[in-house]
Amino acid sequence: MIVDAANKRPISRARVEALDDPYPMPSSTAAARARTDARGRFRLVGLARRGYRVAAWRTGYLVSSVPVTAASPATGPVRIALARGGSISGRVVDEAGAA
């Protein structure tokens, strides 16, 4: 289940991937992918019985991940809390201060 870290409410339409890489960044080489439903639930299928890093993210939130060992027939519930991301605004200028 993917939830908002602040209010613990489920996050729908979050992307979830099982990654072979130990780093929590989403990649094009994910072992499995899913999206959360309205209750924040997801299912990753077709995983071999071994360790993965499950990463989740959604627009407006920071990427978060947890280590998971896939087992047969099912690993069980995985809970990931996503924190809201910040924003930066400003203007890029050159050395002379011109835009």
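Residue numbers here run from 1 along each chain, matching the order of that chain's written sequence. Reporting in this predicted model follows two pLDDT cut-offs: at least 70 for local features of residues, and 80 or more for side-chain atom pairs to be given and counted; totals over whole chains, interfaces and linings ignore these cut-offs and use all residues. Water and hydrogen atoms were dropped before computing side-chain values, which therefore reflect all heavy atoms in the structure.

A.B. asks: I tried to follow the confidence of the model for the chain on my own but got confused; where do I start?
C.D. replies: The predicted coordinates of low-pLDDT regions are not to be read in fine detail. pLDDT gives the predictor's per-residue confidence on a scale running from 0 to 100. Scored by pLDDT, the chain has a mean of 89; 88% of the residues are at 70 or more. Put simply, DSSP marks the helices as runs of H or I at least four residues long and the strands as runs of E at least two long, and each gets a number from the N terminus on. Here strand S5 (residues 64-69) stands out as the least confident element of the chain, with mean pLDDT 91; strand S1 (residues 2-4) is the most confident, with 98.

A.B. asks: Mind showing me how you'd approach the sheet that holds S5 here?
C.D. replies: Pairing between the strands of a sheet is mediated by backbone hydrogen bonds and can be parallel or antiparallel. In spatial order, the strands read S3-S2-S4-S5; together these four strands make up an open sheet with antiparallel pairing. Lying at the two open borders of the sheet, with one neighbouring strand each, are strand S3 (32-35) and S5. On average, each strand axis in the sheet is inclined to that of its neighbour by 20 degrees, with strand direction left out of account. In this analysis, strands are considered paired if DSSP registers two or more bridges between them. Inspection of the sheet shows strand S2 (residues 15-19) paired to S3 by four bridges, in the antiparallel sense. Directly across from Glu17, in S3, lies its bridge partner Arg33. Between N-to-C directions, angles cover 0 to 180 degrees, with each direction set by a line fitted to C-alpha atoms, over the stretch in contact for helices.

A.B. asks: Explain the pattern of salt bridges here, please?
C.D. replies: Pairs can form between side chains of opposite charge whenever their charged atoms are close. We define a salt bridge as a contact between a side-chain nitrogen of Lys or Arg and a carboxyl oxygen of Asp or Glu at a distance within 4 Å. One pass over the full model with this rule turns up four salt bridges. Asp4 is the partner of Arg84 in a salt bridge, and the nearest nitrogen-oxygen pair spans 3.6 Å. Placement of Arg84 in the segment after strand S6 (80-82) and of Asp4 in strand S1 is noted, with a sequence separation of 80 residues between them. The exposure class of Arg84 is exposed, given its relative accessible area of 56%. Notably, a salt bridge pairs Asp37 with Arg41, separated by 3.1 Å at the nearest N-O pair. Throughout, exposure labels follow a simple rule: accessible area from a 1.4 Å probe, protein chains only, divided by the maximum for the residue type, with under 20% read as buried, over 50% as exposed, and the rest as partly exposed. Take Asp37: its relative accessible area is 29%, and that puts it in the partly exposed class. Arg41 gets classed as partly exposed once you look at its relative accessible area, which sits at 42%.

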